[in-house]
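Here is what each chain is made of, one letter per residue.
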Amino acid sequence: MASLSKVTGLFRFSSSSSRFARPLQQAAVFVRCQQSTACPQVPVPEVYTTVPPQPREKKPGQLERWQVEQYFDKGFLVVPNFFKKSELEPVIKAVEECVDILANKLYKGGKITNKHENAGFYERLTLIENQFKGSTVILHKMGYLPKAFRDLWSGDRLLNVVEQFIGPNISGHPVWNLRTKTPQNEQTTVPWHQDNAYLDQDALGTLMPTAWIPLLDANTLNGCMQMIPEGHKVGTTLTHTCCAGDTWYVDLPESEIEKAYNINVRKAAVNCEVPFGGLVFLNNCIPHRSLENFSDKVRWSLDLRWQDPSKPVGFHGLKDALPMRKEGQPDYNINWEDFAAIDRNKLQAEDVGYNDANEFDTTIHGPWMLRWENTHPNRHTASLKTDASSWHSHKA
Ligand SMILES: O=C(O)CCC(=O)C(=O)O
Ligand SMILES: [Fe+2]
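Residues numbered from 1 in each chain as written. Chains lettered and ligands numbered in written order. Predicted model: local features only at pLDDT ≥ 70, side-chain atom pairs only at ≥ 80, totals over all residues.

Q: Honestly, the overall build of the protein chain in this entry has me stumped. Any pointers?
A: Across its full length, the protein chain carries 13 helices and 13 strands. In the protein chain, buried positions account for 43% of the 396 residues. Sequence-distant contacts in the protein chain: of pairs separated by 6 or more residues, those separated by 24 or more amount to 78%. (Helix = DSSP H or I, 4+ residues; strand = E, 2+ residues; numbered from the N terminus. Buried ≥ 20, exposed ≤ 12 C-beta atoms within 10 Å, placed from the backbone. Contact = placed C-beta atoms within 7 Å.)

Right, here's the structure in full:
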């Protein structure tokens, strides 16, 4: 048997004629759907490892061939200098406005007594969170999509790269996030997971490239991302549990990763330090997490996703993807208004029977909680019916 990767040695060919690597073991059986015909999933590693035909002409921002190949081979790619600082300045300004809206709301509601209007971009949210625990969660789920975020998400240079991953027709995926990672805050420390674990199983065959864009130098001290290189080659979603600690996040136990890939997670995990102006491209099948923020600054970042519009979105039928580019229509107009008018956080909470109407509610709820065994009930999962029938009756 040949070893596929000299770096990690994660995968071996199951036979010498096999084109794609197979993990040594696959753990694709969901605890809640063992009886369902839809389970276990059939692994589709080729979706995540096949470089599509590349655009004939080189367009601004596009990656070198070796970078595209690395993205498909390792499951992620760090590009240290992609944006000019001036391109990210409007984004920072927009986040500042979001924090200001949050501060005013909390102040009016009697939740905080000091809005800290003069505090810096990397400090203000922490000062607010210190007065009202969970402010970071309220901001996380606020879902405001200011013009600067829209421009970033649909910027030509970025979409030119996305075209290298998924082809010329491109939609924005409804799951996008502004990460409000204040120092040492469990609510913003995302444990090991594959992004597919938050979606329906029918989206397994959809490659969704994510751009993870920090608004400062992201490093191991302030909580950068960590990846399991080549972990996407499993081509399926491993068994997650729900929810991690006092959070709404699904959790992929290290023991599951180690069993599936025959590795030592501590040794295999790679830190993705990214300077301001850079970004990480990752795919939706790779196990990753973010480290705790031990600095004294807010580690702001945005994660934005795309997909081929003809493929399943996997967001539980709650919100569609937003067409951004159509082949042969260079002047295609993006319908931001309709997209932004749909509050996915509200819908995903309602979908699991929770009314998220209180503007000071610091919990997050969603259908992914029904996909995985609820091994750790907490205030975020309190509204769930966790019996097996709720899973089976749930939209798959
Ligand atoms: O920014 C983080 O802390 C986690 C991001 C993440 O998991 C993602 O972008 O998929
Ligand atoms: Fe993620």
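Q: Just to check I follow, could you spell out the confidence of the model for the protein chain for this structure?
A: The predicted coordinates ought not to be read in detail in places where the model reports low pLDDT. The share of residues in the protein chain with pLDDT of 70 or more is 87%, and the mean pLDDT across the chain is 89. A low-confidence stretch, residues 1-38 stays under pLDDT 50, and its non-local contacts, those more than four residues away or across chains, total 77 contacts. Predicted confidence for residues 387-396 stays below pLDDT 50, and this span has 14 contacts to residues more than four positions away or in other chains. (pLDDT = per-residue confidence, 0-100.)

Q: Would you take a moment to explain the site of ligand 1 for this structure?
A: Taken together, Arg179, Lys181, Val190, Asp195, Thr210, Trp212, His288, Ser290, Ser301 and Asp303 are the residues near ligand 1. Those elements giving two or more residues to the shell around ligand 1 turn out to be strand S3 (177-181), strand S4 (210-214), strand S10 (288-290) and strand S11 (299-307). Split by residue class, the shell around ligand 1 holds two nonpolar, four polar and four charged. (Near = placed C-beta within 6 Å. Nonpolar A, V, L, I, M, F, W, Y, C, P; charged D, E, K, R; others polar.)

Q: Just to check I follow, could you spell out unusual backbone geometry for this structure?
A: Backbone geometry follows two general trends: most residues other than glycine have a negative phi, and most peptide bonds adopt the trans configuration. Following Cys242, the chain continues into Cys243 via a peptide bond in cis, with omega recorded as -15°. Note that Cys243 resides in the loop between strand S6 (241-242) and strand S7 (250-251). Positioned with a positive phi, Glu230 is a non-glycine residue whose angle comes to about 70°. Look at Glu230 and you get buried, because 25 C-beta atoms sit within 10 Å. Here His316, not a glycine, exhibits a phi torsion of approximately 60°, which is positive.

Q: What should I look at first to understand the environment of Gly155 in this one?
A: Following the sequence through the fold, Gly155 ends up in the loop between helix H6 (147-153) and helix H7 (156-166). Of the residues examined, Gly155 has 15 C-beta atoms within 10 Å and is grouped as partly exposed. Once the C-alpha coordinates of Gly155 and Met324 are considered, the two residues, 169 residues apart in sequence, prove to be 9.8 Å apart.

Q: Would you explain the sheet that holds strand S8 (residues 270-272) in this entry?
A: Strand pairs in the sheet, formed through backbone hydrogen bonds, run parallel or antiparallel to each other. An order of S8-S5-S10 is seen for the three strands of this open sheet, with the pairing classed as antiparallel. Where the open sheet ends on each side, the last strands, each with one partner, are S8 and S10. Going across the sheet, the axis of each strand differs from the next one's by a mean of 30°, ignoring polarity. In this structure, strand S5 (residues 225-227) lies alongside S10, joined through three bridges in antiparallel fashion. Residue pairing in the sheet places Gln226 in a bridge with Arg289 of S10. (Pairing = 2+ DSSP bridges. Axes fitted to C-alpha atoms, helices over the stretch in contact; angles between N-to-C directions.)

Q: Could you clarify how one ought to interpret the nonpolar core in this entry?
A: Side chains that are nonpolar tend, in soluble globular proteins, to be buried together. Counting residues in each nonpolar core, the largest one holds 90 residues, and the members touching the most others are Phe76, Val250, Leu279, Val280 and Phe281. Per-element tally for this core: the top contributor is helix H3 (residues 85-108), with seven residues. With sequence-adjacent residues up to four places away left out, Val280 is seen in contact with Phe76, Val78, Trp212, Met225, Cys272 and Val274. (Core = buried A, V, L, I, M, F, W, Y, C linked by C-beta atoms within 7 Å.)

Q: What is the right way to read the sheet that holds S7 from this model?
A: Strands sit in the order S7-S6-S13 across an open sheet of three strands; the sheet is mixed. Strand pairing shows two members of the sheet lacking a second neighbour, S7 and strand S13 (373-374), which therefore form its edges. In terms of strand pairing, S6 meets S7 through two bridges, oriented antiparallel. Across the sheet, the residue bridging to Cys242 is Val250, located in S7.

Q: Even after reading the chapter, I still don't get helix H2 (residues 65-74), so can you show me in this structure?
A: Side chains of residues three or four places apart in an α-helix project in the same direction, reflecting 3.6 residues per turn. Where H2 is concerned, the buried positions are Tyr71, Asp73 and Lys74. With its phi angle positive at about 95°, Gly75 sits one or two positions after the end of H2.

Q: Hey, could you run me through the packing of H3 against helix H4 (residues 124-131) in this one?
A: Relative orientation and spacing of two packed helices are given, respectively, by the angle between their axes and the distance between those axes. H4 packs onto H3 with a crossing angle of 25° between their chain directions and a minimal axis gap of 11 Å. Relative to H4, the element H3 lies roughly parallel. Considering only the axes of H3 and H4, their crossing is left-handed. Listed contacts from H4 to Val99, Leu102, Ala103 and Leu106 of H3 are Arg124, Leu125 and Ile128. Taken together, the residues of the contact of H3 with H4 break down into six nonpolar, no polar and one charged. (Parallel < 35°, antiparallel > 145°, perpendicular 65-115°, else oblique. Left-handed = near helix turned anticlockwise from the far one by under 90°.)

Q: Can you walk me through H4 in this structure?
A: Buried residues of H4: Arg124, Leu125, Thr126, Ile128 and Glu129, and no others. At its buried positions, H4 is contacted by H3, helix H5 (135-140) and S3.

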